[in-house]
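Analysis of the macromolecular model
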Amino acid sequence: MAELKVITIVLLLALVLCSRPVEAVFNIADYGAKSDGQTDSAGALLSAWQAACRSTGAATVYVPAGSFLVRRGEFSGPCESSKITFQIDGTLVAPSGYGTAGEWLLFDHVEGVEVYGGTIDGRGSSLWACKAGSHGCPAGVSSLVFRNSKGITVSGLTSVNSELYHMVIDNCEGVTMQGVRITAPGSSPNTDGIHVQGSSHVTITGAGIKTGDDCISIGPGTTDLWIEQGYDEAGVENVTVKTSVFAGTTNGLRIKTWGRPSEGFVRGVVFEHSVMQDVQNPIIIDQNYCPDDKGCPDQSSGVKISEVTYNDIHGSSASQVAVKFECSPSNPCTGIWLQDIKLTYGNTPAESSCEHADGSASGFVVPPSCL
């Protein structure tokens, strides 16, 4: 009798294990994608997405090894599946030439999407060449954009040579980016690494970014942004950047605002535990930003900057003045706090300068005269 009970229990366990749902995998090769880097695989990628989106359980869109040309990809929700993984083992390649504006790969109104591994190549060199020799070029497209979405994870993804911004988080909530690698030549214009705007609860950790513009840029309406271990106008608050290393960059810890009227603000920003290695402007607030000197009457920014903390920032500056606060004459910076700032130029302490700023400094080799 005891032997029968054991057999019954084993059978029940087997039934339970066999009844567990199996995650659906949609391989873009099964939908006709070709890994030759020349055949447009946009249709196959979209078909795999639509199949995953219709799934009632967890689903994976799989990009195998190889190079896949994608003219444009738009992945829209809402979806039936609450958990969709984009597993990229190969490379998605943008078409040659250049776009006019918008996005190359767009996720819109999705929730619970995770993007893992692989490479996306924006092939932006044609547009950069146009911009270098002419003023009649289009703005270009951003490589990867998440818009109106929630619960997004991007991990281990590499983005190279985007025409414009590499990755954009726009009007999203709950986004985690970890271990992303972003590269473009230093001469490539407006190729920001990660741009965040109108979004909340965004975490960026372990990023390695080398581009021709801002590594991470923060737009209006951004709250609760955390940046850690990374390689920064109006309506921006609660931003933390820590344990970052800047090597040979033009700017390190930068806040910039347009030199024009605004009702916006930047407040509650913390920069700490960061290392500078031959950085041109290790610490800078620039409220005179005005590209091409257009649309900036009186060069006076209306953005109010307050409650900005710099703590434990050390290393070397490529310029004699390592700390520059160029705040708005109509809206001076307030609550600027510097502690343990040790920056050198050559073999001597670097200098500091400031305009229209108020705050305090301690543990500073050469503190700004206005603090």
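Look a little higher up for the structure.
Residues numbered from 1 in each chain as written. Predicted model: local features only at pLDDT ≥ 70, side-chain atom pairs only at ≥ 80, totals over all residues. Heavy atoms only, no water.

**A look at the state of the cysteines**
- What the rule picks out here adds up to 3 disulfides.
- A sulfur-sulfur separation of 2.0 Å characterises the disulfide bridge that pairs Cys-53 with Cys-79. Across the S-S bond linking Cys-53 and Cys-79, the dihedral sits near -105°, which makes this disulfide left-handed. Of this pair, Cys-53 sits in helix H2 (residues 42–54) while Cys-79 sits in the loop between strand S5 (73–76) and strand S6 (84–88); the two residues are 26 residues apart in sequence, bridging distant segments of the chain.
- The disulfide bridge from Cys-130 ends at Cys-137, spanning 1.9 Å between sulfur atoms. Judged by the sign of its S-S torsion, about -100°, the cystine formed by Cys-130 and Cys-137 is left-handed. (Disulfide = S-S within 2.5 Å. Helix = DSSP H or I, 4+ residues; strand = E, 2+ residues; numbered from the N terminus.)

**What to know about unusual backbone geometry**
- Of the consecutive residues Gly-77 and Pro-78, the connecting peptide bond is found in the cis state with omega at 5°.
- Its identity is not glycine, yet Asn-190 carries a phi of approximately 60°, on the positive side.
- With respect to the secondary-structure elements, Asn-190 resides in the loop between strand S16 (181–183) and strand S17 (194–197).
- Residue class for Asn-190 comes out partly exposed when judged on its relative accessible area of 35%.
- Non-glycine residue Asn-238 carries a positive phi angle of around 55°.
- Judged by its relative accessible area of 40%, Asn-238 falls in the partly exposed class. (Buried < 20%, exposed > 50% of the residue type's maximum accessible area, 1.4 Å probe, protein only.)

**As for the side chain of Ser-328**
- Among the secondary structure elements, Ser-328 is positioned in the loop between strand S28 (321–326) and strand S29 (333–345).
- Here Ser-330 takes part through its side chain, which lies 3.0 Å from a polar atom of the side chain of Ser-328.
- A distance of 3.1 Å separates a polar side-chain atom of Ser-328 from the backbone nitrogen of Asn-331. (Polar contact = N/O pair within 3.5 Å; in protein donor to acceptor, adjacent residues only side chain to side chain.)

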